[in-house]
Amino acid sequence: MMTPDVAERRIQSLRQQINHHNYLYYVLDSPEIPDSEFDRLMRELEQLEQQFPQLITPDSPTQRVGATPLTEFGEVRHEVPMLSLDNAFDEHEVQEFDRRLHERLDTSAQIEYTAEPKLDGLAVSLVYENGVLTRGATRGDGTLGEDVTQNVRTLLSVPLRLVGTGFPRLLEARGEIFMPKKGFEMLNAKAEKNHEKPFINPRNAAAGSLRQLDARITASRPLEFYAYAWGQVEGGRLPERHSKVLACFREWGLRTNPENRLVIGLEGCLKFYKHMADKRDQLPYQIDGVVYKVDRLDLQKELGFVARAPRWALAHKFPAEEVMTVLRAVEFQVGRTGALTPVARLQPVFVGGANISNATLHNMDEIERKDVRVGDTVIVRRAGDVIPEVAGVVLAKRPKNARRVHLPLKCPVCGSKVLRIEGEAVARCSAGLYCPAQRKEMIRHFASRRALDIEGLGEKLVDQLVDAGLVHTPADLFKLTAKQLADLERMGDKSADNLLQAINKASNTTFSRFLYALGIREVGETTALVLARHYGSLDALLAADQDSLMQVPDIGPVVAASIASFFHEPHNLKVIRALRESGVRWQQQADAKKFKHSSILAGLTFVITGTLSQMTRDDAKDTILALGGKVSGSVSKKTDYLVVGAEPGSKLAEARRLGVALMDEQAFLRRIKQ
Ligand code: 5U1
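Residues numbered from 1 in each chain as written. Predicted model: local features only at pLDDT ≥ 70, side-chain atom pairs only at ≥ 80, totals over all residues. Heavy atoms only, no water.

So, helix 2 (residues 35-51)
Then step 1. Between its terminal C-alpha atoms helix 2 stretches 25 Å, which fits the 24 Å expected from 17 residues at 1.5 Å a residue.
Then step 2. Of all the residues in helix 2, the buried ones are Leu41, Met42, Glu44, Leu45, Leu48 and Glu49. For helix 2, the arc enclosing every buried residue in end-on projection is 160°, short of the 170-degree limit, so these residues lie on one face. Residues of helix 2 that are exposed and point more than 90 degrees away from the buried face comprise Asp35, Ser36 and Gln50. (Helix = DSSP H or I, 4+ residues; strand = E, 2+ residues; numbered from the N terminus. Expected span 1.5 Å × (residues − 1). Buried < 20%, exposed > 50% of the residue type's maximum accessible area, 1.4 Å probe, protein only. Arc of directions from axis to C-beta.)

Right, here's the structure in full:
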């Protein structure tokens with residue numbers, strides 16, 4: 001038998017060889033040895049580790065699959081939020097994106113972009129400390145994700161240890177986990193054989209496979225990984241360009257997509273898009289578009305981000321897929337605001353990678369405009385994640401007995417009158433929150449993942465809670481008792497307990513989530529975030545009138561009126577009070593300090609050009625807004641001051657032409673410090 005010393009040296013050599021061949025296979029896609037030889041190296045390592053268990057380390061290639069299933073996933077906070085992407089659906093929107101960037105960067109030079117295929121999988125974060133994989137997490141809501149370390153370790157294309165040198169002490173690589181088309185087909189064929197439910201599409205299959213408490217199941221699924229971004233970086237520096245960072249990732253053993261290209265200007269982007277659209281069917285994985293990212297990181301920084309998406313990146317989606325099927329019936333669903341949405345019940349059809357049997361018909365105007373009738377052959381369109389829609393009718397196929405669709409006179413849920421205001425496309429149930437459908441939607445929205453995120457409070461449970469009269473408003477959720485819950489259908493003591501814990505956990509939230517959860521008409525996540533940042537506290541927001549709301553960046557008269565009227569309604573104020581009394585709370589908004597309510601710049605419109613030395617342009621803008629001023633992207637007669645930094649762009653000449661007052665950085669700093 002080998003001595004431990006000799007065994008240790010051999011083990012290390014085997015691990016190095018295995019990691020090297022893994023790298024050649026997965027990252028460079030050029031294996032040097034046959035699979036049988038690779039298997040032999042693995043077997044030898046396994047045998048030696050069995051003989052010398054004290055020499056096993058967590059980053060050994062034999063230690064990918066843990067044997068003990070988890071009982072739940074832990075929570076992970078993303079110190080650098082995981083952003084999502086803005087979408088473009090046609091060339092014009094890409095052109096606008098490129099134009100906006102030129103305007104913001106105040107340059108006429110062509111912008112260099114990294115262009116990448118957009119994989120249809122799920123985004124993950126991988127943390128490497130001193131080159132060793134220590135954490136894998138899902139994106140979650142961008143701030144809080146799930147700890148799936150055990151599961152990502154099972155993917156052979158995820159290195160347990162980085163190779164080479166020069167990587168930062170802490171490196172958080174981000175990218176997409178996806179299931180290749182072949183693996184998806186095999187998995188579904190197996191499911192069918194075993195009379196199990198197949199996965200709808202490769203993305204669902206990837207997400208379902210990764211989020212398994214038993215990592216052995218994940219290990220058995222054909223998942224792969226490509227890195228395309230990063231989060232935290234400490235103890236080391238990355239190059240100054242996105243493309244160069246990805247090249248480093250590759251050298252360190254992180255797999256990047258070989259289709260990625262550096263392209264120049266709008267023309268380069270559109271050429272790449274066409275190239276990938278042509279190649280799409282030959283690719284071994286599903287893509288739903290391409291992504292363009294400004295390559296220079298200093299420019300990315302200058303551009304910053306809005307709410308949850310960076311200004312420097314764009315997803316250019318492939319067009320929606322269209323198919324024909326038969327419209328069997330039209331039913332009306334009642335939404336959170338009472339709006340009646342006609343839903344098409346279809347003969348099931350496969351489109352855009354999923355089986356579809358329902359599609360939206362939007363509203364009565366659309367039904368009339370398209371002249372949709374029950375029994376018609378209709379065209380169903382589906383793009384990515386967007387809800388499928390009935391795009392039109394094939395009139396040539398209309399049967400004699402096709403029936404017109406009529407708006408019901410009474411709410412299909414509560415029987416109250418349906419109102420359709422002249423000139424408005426939307427018809428609404430007139431019963432407000434007395435209508436159980438509206439109440440249910442309101443509660444569902446309140447509990448949804450991006451609102452208060454009450455885990456386990458699903459659709460069926462909300463139905464039961466409302467139908468049993470236990471919950472009338474979101475505040476009632478916090479009064480529920482274990483006994484009340486345990487008495488509901490399909491709920492035992494354990495599930496009741498879990499739900500109470502989830503409700504309790506959700507009561508500790510953020511101000512923007514709370515605002516979004518209230519379900520104010522016109523207030524989506526972005527507006528909720530803007531309001532939370534601007535006002536910082538609920539009291540400040542409650543004190544704001546419509547005029548003050550309209551001073552908030554990006555809030556126009558319609559949104560301001562909707563917010564003001566919501567907070568004017570005594571019923572809503574009562575619910576808010578009850579929510580606060582039941583313990584719903586949040587930390588003071590971190591950014592609120594920046595937005596102290598001072599108004600020394602009120603009524604003044606600023607434009608900024610060139611580079612500032614003491615602050616970024618974004619900080620300058622935030623400061624102007626915080627002090628009551630407005631910031632515009634272009635110089636006009638309405639501009640009061642042009643703040644001029646180093647190497648100003650064309651805005652300077654325009655300001656001179658129009659006689660706009662100029663301010664250098666020092667003058668600007670003096671002004672804001674008044
Ligand atoms: N290829 C690619 N996909 N994708 C998805 N790049 C990329 N970047 C993303 C996302 C959500 O986000 C950036 C903001 C890093």
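There is more to say, and it comes next.
Comments concerning the domain arrangement of the protein chain
Then step 1. Per the domain assignment, the segments of the protein chain are domain 1 (4-63), domain 2 (87-317), domain 3 (322-404), domain 4 (436-594) and domain 5 (605-672).
Then step 2. Taking only C-alpha atoms, the centre of domain 4 and the centre of domain 5 are 39 Å apart. (Domains from an automatic or database assignment.)

Side note on the site of the ligand
Then step 1. Close to the ligand lie Leu83, Leu85, Glu116, Pro117, Tyr228, Ala229, Val291, Lys293 and Pro310.
Then step 2. A distance of 2.8 Å separates a nitrogen atom of the ligand from a polar atom in the side chain of Glu116.
Then step 3. Separating a nitrogen atom of the ligand from a backbone N or O atom of Pro117 is a distance of 3.1 Å.
Then step 4. The residue inventory of the shell around the ligand, partitioned by class, reads seven nonpolar, no polar and two charged. (Near = heavy atom within 4 Å. Polar contact = N/O pair within 3.5 Å; in protein donor to acceptor, adjacent residues only side chain to side chain. Nonpolar A, V, L, I, M, F, W, Y, C, P; charged D, E, K, R; others polar.)

Re the packing of helix 1 (residues 4-27) against helix 2
Then step 1. It is the contact of helix 1 with helix 2, at a shortest axis distance of 10 Å, that shows an interaxial angle of 145°. In this structure, helix 1 crosses over helix 2, and the sense of that crossing is left-handed. When helix 1 is examined against helix 2, the residues Arg10, Ile11, Leu14, Arg15, Gln17, Ile18, His21, Asn22 and Tyr25 are found in contact with a partner set consisting of Asp35, Phe38, Leu41, Met42, Glu44, Leu45, Leu48 and Glu49.
Then step 2. Classifying every residue of the contact of helix 1 with helix 2 by side-chain character gives nine nonpolar, three polar and five charged. (Axes fitted to C-alpha atoms, helices over the stretch in contact; angles between N-to-C directions. Left-handed = near helix turned anticlockwise from the far one by under 90°. Contact = heavy atoms within 4.5 Å.)

As for the sheet that holds strand 25 (residues 641-644)
Then step 1. Taken together, the four strands give an open sheet; going across it, the order is 24-23-25-26, and neighbouring strands pair in parallel fashion. The open sheet is flanked by strand 24 (630-631) and strand 26 (661-664), the only strands paired with a single partner.
Then step 2. Pairing between strand 25 and strand 26: four bridges, direction parallel. Bridge pairing in strand 26 links Tyr641 to Ala661.
Then step 3. This element, helix 23 (residues 651-658), spans strand 23 (605-609), strand 25 and strand 26 of the sheet and lies at about 145° to strand 25.
Then step 4. Contacts from helix 24 (residues 665-672) reach strand 23, strand 25 and strand 26, with the element oriented near 90° to strand 26. (Pairing = 2+ DSSP bridges.)

Structural notes on the pairing of strand 7 (residues 170-178)
Then step 1. With nine of nine residues buried, strand 7 is to be regarded as a mostly interior element.
Then step 2. As defined by bridge partners, strand 4 (residues 122-129) adjoins strand 7 across eight bridges and the pair is classed as antiparallel. Its bridge partner being in strand 7, Leu126 is matched across the sheet by Ala173.

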